[in-house]
Each structure stands twice: as structure tokens, then as C-alpha cells.
Amino acid sequence: MAIQCTILPNVLCNFPAIDESIIRLARKNIDDGFRASVRAYGNLIDAIVQPLQWFLNYLEWVFTNTPWFIILVAMMLVVYAASRNLKIVVGTAISMILIGVFGLWTDTMTTLAMVTVCTLIAIIIGLPIGILMARSDRLQSIVNPILDVMQTMPSFVYLIPVVVIFGIGKVPGLIAVVIYAVPPMIRLTNLGIRLVDKEVLEAADAFGSSHRQKLFNVQIPLALPTIMAGINQTIMMSLAMVVVASMVGVGGLGKNTLQAINNQFFTVGFLNGFALVAIAIIFDRTSQAYGRRLQKHSEVIHG
């Protein structure tokens, strides 16, 4: 290789790259402009995200200050109402009791509050975007590459613009988690609506249904199993991002796990990891069971 480079011109041996001084200048201008924009609109940004801060703080206060047995019973009732499966209910009870026994109850409630808020925001954002994509091939061709980038971008990268814009705290972590977790919600909402049988839509047209009536009375109900799969994936990705988001001030199990990594505390990391896995399994089994129930219901009606 060295012999070849002595013979060949330099341009063929060293890839022609932009001069480092130009890159430094461009980077400085971009960073300075970004920071100037953030400073100029800082008050507006704070006003926009303030309701998220209030909602997250309130939900976290409710979860952490409500007696543990009430939370446990409420979770078991919600799991049973969604899954109609006693095995999942018993597994939920055992998992939450073990979490409490090892002293992780409060941190788990903090994480549950974060994941709940992130999931709700992801649904509010992802559902309408997915519906619009299902109605427009052009919009789908525009949004899909953006979702590809969002899903392949390393999770740590999301923290950079979020911290620059919003600083350190719970809301920046929440926003980073939502950005990371919303793509499955958008994709599967789009997919579910597109998979609705065309004959069913033709029948709705024959009965004179408007676009709004078709959407809310036909398409969304039939797409609910797929949409539920999107919600399931959003929850899983939110839990996965919680540990990363703890680097910018998010508390709960993610913070404990990060501290265990930094200090090489194997037992602490394992216990907090177990709690995260237990919550993930509870959400996963419950949402999957609910999705199967919806699927059977739609098959009975249209089978």
C-alpha cells in the first residue's frame, strides 16, 4: 500500500476532504446560531413545556404518595380488565411485591409515571400522523425516511439537542424518550389503517359514510390490534430509553442503573434492571393479551 501511494498522486491515496478550518468555521456558526435561537425563544419554549412539567410532577406525586397496596390493587385490576388472564394478574402481583421487598417501590413509581406520560404523548403525536400517512402516499414517502433516521440514530444523540434547548431536568428527558419511542406508534397506525379490507370500505361508501365516519367507525376499530402493537412497542422503547434519559436528570430506576454502572455496583444494577424487566414484561403481556382480544372480536364481527 505504501509503495502504491508513492507512485500514485496524493489525491488518489488520501480521500479529498473539506479543509478542517472550513469545518471548524461551519461548526462554530451552526452551534452559535443554534444557541442564539434557543436564547431568543427561551421563554416561549419554557411556556410550551411547562404543562408537561406540571403533568409529570403531578402524576409522579400521585404514584409515589398513594399507599402501595392501593397502587398494587389498581394495577391488578387494570391488567385483568385488559388481559382477562389470571396468570398475568398473578405474575404482576408477584413482580410488584418483589420490587417492593427489595426497596425499589418509590423508584419504580417514578419510572412508571415517566413511561405513562411518554406513552400518552407518543399516542397523541403518533396516532394523527399515522392516520394522515395512511391517507396520503406522498406524506408517507416524506415521513418514512424521517422515521428511519429516528429509529437508527443512536439514543445518546437525542440528548444533545434536547439538553441544548431545554437544559437538564425531567422534561428534557421526557422529550428525548418521546422522540425515541414515537416512530413505532406512527408506523403501526399507518400500517393498521392501510390493512383494512377494501371491501369493508366500499361497503361503508355504499351506505353513504363520510370520511370522518369511515375513519372512526370502520378503519380505527379494525386497525386497533395493529395500533395496540404500536403502543406496546412504544412502551418497550420508552423503558429502554429511561436509563439513557437518566443522564439528563430523569430519576427512578434509570438513575439507579446509571449510578450502578458508574460505580460498578453489580447487585444494585441487577436489582434495578430486574425491576425494569418486570415492568416491561407486565406491559408487554397485558398489551399483547388485549390486542389478541381485539383481534378475536373483529374476527367474530367480520368473519
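In the block above lies the structure referred to throughout.
Notes on the structure in this doc start here. Owing to the predicted nature of the structure, the values given are computational and were not obtained by experimental measurement.

**A short note on the packing of helix α7 (residues 105-135) against helix α13 (residues 253-263)**
Helix-helix packing is characterised by the crossing angle of the two axes and by the distance between the axes.
Here is step 1: Contact pair α7 / α13: the axes reach a minimum separation of 7 Å and the direction vectors enclose 115°. Contacts from Asp 107, Thr 108 and Thr 111 of α7 reach α13 at Leu 253, Gly 254 and Asn 256.
Here is step 2: Here the contact of α7 with α13 is built from residues that sort into one nonpolar, four polar and one charged.

**Some thoughts on the packing of aromatic side chains**
Here is step 1: Tallied over the entire structure, the rule returns two aromatic pairs.
Here is step 2: Seen in terms of ring centroids, Trp 68 and Phe 69 are 6.1 Å apart; in terms of plane orientation they differ by 90°. Their pairing is edge-to-face.
Here is step 3: Residue class for Trp 68 comes out exposed when judged on its relative accessible area of 52%.
Here is step 4: Centre to centre, the rings of Phe 266 and Phe 270 are 6.3 Å apart; their planes meet at 20°, and the pair counts as stacked.

**Some details on the layout of surface pockets**
Here is step 1: Within this model, the largest pocket holds a volume of roughly 600 Å³.
Here is step 2: What lines the largest pocket is a set of 21 residues, and nearest its centre among them are Val 78, Leu 112, Thr 116, Ile 235 and Phe 283.
Here is step 3: Secondary structure elements with two or more residues in the lining of the largest pocket: α5 (68-83), α7, α12 (211-245) and α14 (266-302).
Here is step 4: Looking at the lining of the largest pocket residue by residue, the class counts come to 17 nonpolar, four polar and no charged.

**A short note on unusual backbone geometry**
Here is step 1: At Arg 84, a residue that is not glycine, the phi angle is positive and equals roughly 55°.
Here is step 2: On the accessibility criterion, Arg 84 (47% relative accessible area) is partly exposed.

**Examining α12**
Here is step 1: An ideal rise of 1.5 Å per residue puts 51 Å on 35 residues; α12 reaches only 40 Å between its terminal C-alpha atoms.
Here is step 2: For α12, the principal kink sits at Leu 224 and spans about 60°; a proline, Pro 225, occurs within the next four residues.

Procedures and definitions
Residues numbered from 1 in each chain as written. Predicted model: local features only at pLDDT ≥ 70, side-chain atom pairs only at ≥ 80, totals over all residues. Heavy atoms only, no water. Axes fitted to C-alpha atoms, helices over the stretch in contact; angles between N-to-C directions. Helix = DSSP H or I, 4+ residues; strand = E, 2+ residues; numbered from the N terminus. Contact = heavy atoms within 4.5 Å. Nonpolar A, V, L, I, M, F, W, Y, C, P; charged D, E, K, R; others polar. Phe/Tyr/Trp six-rings, centres within 6.5 Å; stacked < 30°, edge-to-face > 60°. Buried < 20%, exposed > 50% of the residue type's maximum accessible area, 1.4 Å probe, protein only. 1 Å grid on protein atoms, 1.4 Å probe; cavity = no way out; pocket = protein on both sides within 12 Å on 5 of 7 lines; lining within 4 Å. Points joined across faces, edges and corners; volume = space filled by probe spheres on them. Expected span 1.5 Å × (residues − 1). Bend = angle between axes of the 7 residues up to and from the residue.

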